[in-house]
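# Results of the structural survey
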Amino acid sequence: MKKINRKFVWLLIALITIVGLALFIKNQNSINNEPKNQTAKRSPVFPNYNHTAIEAENGLLEVTNPKSDLVLVNKERKLPDGYGPPDLIYPIVPLHGVSKDKTLMRKEAGHALEKLFEKAESAGIELTPVSAYRSFERQKSLYNYYVQIHGEDWTQSFSAVPGTSEHQTGLAIDVSSPNFGNKLEQGFGKTKEGIWLAKHAHEFGFVIRYPEDKVEMTGYDYEPWHIRYVGVKYATYLYKNNLVLEEVMKSNH
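Bear in mind that the values here come from a model prediction, so they are computed numbers and not experimental data.

Procedures and definitions
- Residues numbered from 1 in each chain as written.
- Predicted model: local features only at pLDDT ≥ 70, side-chain atom pairs only at ≥ 80, totals over all residues.
- Heavy atoms only, no water.
- Helix = DSSP H or I, 4+ residues; strand = E, 2+ residues; numbered from the N terminus.
- Buried < 20%, exposed > 50% of the residue type's maximum accessible area, 1.4 Å probe, protein only.
- Contact = heavy atoms within 4.5 Å.
- Areas by Shrake-Rupley, 256 points an atom, 1.4 Å probe, with all protein chains shown as cover.
- Pairing = 2+ DSSP bridges.
- pLDDT = per-residue confidence, 0-100.
- Phe/Tyr/Trp six-rings, centres within 6.5 Å; stacked < 30°, edge-to-face > 60°.
- Lys NZ or Arg CZ within 6 Å of the ring centre and 35° of its normal.
- Core = buried A, V, L, I, M, F, W, Y, C linked by side-chain atoms within 4.5 Å.

For the protein, the helix and strand inventory stands at nine helices and nine strands. Going through the 253 residues of the protein one by one, you find that 45% of them count as buried. Excluding contacts between residues fewer than 6 apart, the proportion of contacts in the protein whose partners are at least 24 apart in sequence is 63%. Of the roughly 14300 Å² that the protein leaves accessible, carbon and sulfur atoms contribute 56%.

Within the open sheet, the three strands sit side by side as β1-β2-β3. Their pairing is mixed. This sheet does not close on itself; its edge strands, each paired only once, are β1 (53–55) and β3 (77–78). Relative to strand β2 (residues 61–63), β1 runs antiparallel, the two sharing three bridges. Each residue of the ladder has a partner; that of Ala-53, found in β2, is Val-63.

Counting all residues, the mean pLDDT for the protein is 88, and 83% of those residues have values of 70 or more. Note that residues 30–40 has pLDDT below 50 and, in this model, four contacts with residues that lie over four places away or in other chains.

Here we take up the side chain of Thr-218. Tracing the chain through its elements places Thr-218 in helix α7 (residues 215–218). Looking at Thr-218, the relative accessible area reads 3%, which means it is buried. If we ignore the near neighbours within four places in the chain, the residues touching Thr-218 are Arg-209, Tyr-210, Pro-211, Val-244 and Glu-246.

This next bit is on the packing of aromatic side chains. Counted by the stated rule, this structure contains eight aromatic pairs. A centroid spacing of 5.5 Å and a plane angle of 70 degrees characterise the contact between Tyr-146 and Trp-154, whose relative ring orientation is edge-to-face. Given the relative accessible area of 22%, Tyr-146 is considered partly exposed. Note on Trp-154 and Phe-158: the rings are 5.0 Å apart at their centroids and 35 degrees apart in plane angle, and the pair reads as tilted. Taken together, the positions of Trp-154 and Phe-158, both in helix α5 (residues 152–158) and four residues apart, correspond to about one turn of that helix. What makes Trp-154 partly exposed here is its relative accessible area of 32%. Clustering of aromatic rings is evident, with ring pairs tying together Tyr-145, Tyr-146, Trp-154 and Phe-158. Here the basic side chain of Lys-75 rests over the ring of Tyr-220, its NZ or CZ set 4.8 Å away from the ring centre. Positioned above the aromatic ring of Tyr-49 is the side chain of Arg-77, whose terminal nitrogen or guanidinium carbon lies 4.5 Å from the ring centre.

Right, let's talk about the nonpolar core for a bit. Ranked by internal contacts, the top residues of the largest apolar core, which has 30 residues, are Leu-113, Leu-116, Leu-127, Leu-197, Phe-206 and Ile-227. Of all the secondary-structure elements, those providing two or more residues to this core are α3 (107–122), β7 (172–176), α6 (192–200), β8 (206–210) and β9 (223–229). Beyond its immediate stretch of four places on either side in the chain, Leu-116 contacts Leu-127, Trp-196, Leu-197, Ala-201, Phe-204, Phe-206 and Ile-227. Counting residues in hydrophobic clusters, the runner-up holds 13 residues, among them Leu-72, Tyr-237, Leu-238 and Val-248.

Listed below in structure tokens is the structure:
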């Protein structure tokens, strides 16, 4: 009787082990083979569009998280009056004739830019840091200049009203290449440098902030030269899902 019970116990243990192993393998396979659209649903937590701003003058909203890497300024949302980034640095990157004074960025974004440029150089890509941080006064001067030269319509399509510019956050920078004459023109997006930048910027926490197919969302025309730091996790999600900040923040209830 004892022998029968012992055999029964061992058979039961073996059965439980086999079933457990089968379930484990099945679970692992389901994770590895998870459809991309399911993975895409795993969004990191973005700030809510309405919860990160308060009403201000001229019908605008004023952001309440100006120091955040995910602060969103656009034609509807402005920075607080007198805001200046707290930790600006000069990234150590090749200048290719551009003034160093125009390369100021917030510390985390600046160091990320250094890594991006280093990776580009190792891939045979030469990039130029054309214009990063701009103060309110600098943006005002630039905006007025564009109005005089190009007119109001063009200026509103490519330049931000002072106080609403991403450049004032210290998280954005306009990038070009010596091979493109360091110009900030839409043709940059078709150069090997522009193509490389669009493909790899997210690996270092940057996004092409104003994509060609998101003009209605961002309010700005296509700017393949304008990259914005949001952090690797967020940039990767936006890149892989073809989204811009306005879309994810407005859908985050």
